[in-house]
Amino acid sequence: MTVFLDSNIILDIFLKNKDFYDESRNVLKLADTHPIDFFISAASITDIYYILNRELKDKNKTKNHLVDLLEIVSIAGIDESCIKNALNSSWKDFEDAVQHESSIQIGADYLVTRNITDYKSSFVEVITPADFLAKFN
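Residues numbered from 1 in each chain as written. Predicted model: local features only at pLDDT ≥ 70, side-chain atom pairs only at ≥ 80, totals over all residues. Heavy atoms only, no water.

## Here's the deal with the overall build of the chain
- The helix and strand inventory of the chain stands at 7 helices and 5 strands.
- Along the chain, helices and strands appear, N-terminal first, in the series β-α-α-β-α-α-β-α-α-β-β-α.
- In summary, the chain has a C-alpha radius of gyration of 14 Å against a globular reference of 14 Å for 137 residues, a match within 12%.
- Considered along the principal axes of its C-alpha atoms, the chain spans approximately 40 × 35 × 25 Å.
- Burial statistics for the chain: of 137 residues in total, 42% are counted as buried.
- A fraction of 60% describes how many contacts in the chain between residues 6 or more apart in sequence connect residues 24 or more apart.
- For the chain, the accessible surface area stands at approximately 7,600 Å², while carbon and sulfur atoms represent 49% of it. (Helix = DSSP H or I, 4+ residues; strand = E, 2+ residues; numbered from the N terminus. Rg over C-alpha atoms; globule rule 2.2 N^0.38 Å. Buried < 20%, exposed > 50% of the residue type's maximum accessible area, 1.4 Å probe, protein only. Contact = heavy atoms within 4.5 Å. Areas by Shrake-Rupley, 256 points an atom, 1.4 Å probe, with all protein chains shown as cover.)

Listed below in C-alpha cells is the structure:
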C-alpha cells in the first residue's frame, strides 16, 4: 500500500503538537506492522525544514530530524508534469494542488492529512490520521 502524508502530519510529530501528536505518530508506526510505503513530497521537505528550524533554532538538530524521517518515508518527486497539472487544475490552493499531483504520480492509495477539506477534489482517497488508524489498526 502506498500512502502520501501531508506536511502537517510530519510537523505534528516533530513539533509535538499536543492535539495531534499521538495520532500522527501512530500513523507512521503502522509501517512496523503493515506493508505500507509512506511518501512525502519534495516540497514538503523544504517546508518542514523551514518550520522546524524556525522552532528549534538549530540547523544540526533540524537536519538530524529529517535524516531520521527519511529512514521511514520516501520522497515523492515534483516534476514539470505535477506543476503543469496543478497550474491547470481548478484547485484554489496551488500548494495543495501540487501535493495532490505528487500523490497521483506515485499511485498513492491514501492521502493522509488533518485538512481533508483542502483536498475535496482529490482523485486519491483523502483520510484523517484518526480514520486511517481506525481502518488499519
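## Observations regarding the pairing of strand β1 (residues 2–5)
- Of the two faces of β1, both are covered, the one formed by T2 and F4 as well as the one formed by V3 and L5.
- Looking at chain direction, β1 and strand β2 (residues 37–41) are connected through 3 bridges and run parallel. Looking at the pairing, T2 lines up with D37 of β2.
- The pairing of β1 with strand β4 (residues 110–112) spans 3 bridges and is classified as parallel. Following the sheet pairing, F4 is matched in β4 by L111. (Pairing = 2+ DSSP bridges.)

## Quick word on the environment of A130
- Relative to the helices and strands, A130 resides in helix α7 (residues 129–136).
- A130 sits in the partly exposed class, given a relative accessible area of 32%.
- It is 24 Å that separates the C-alpha atoms of A130 and I51, two residues lying 79 residues apart in sequence.

## Thoughts on unusual backbone geometry
- Located in the positive-phi region is K16, a residue other than glycine, with phi close to 50 degrees.
- With respect to the element layout, K16 can be found in the loop between α1 (7–14) and α2 (21–29).
- What makes K16 exposed here is its relative accessible area of 57%.

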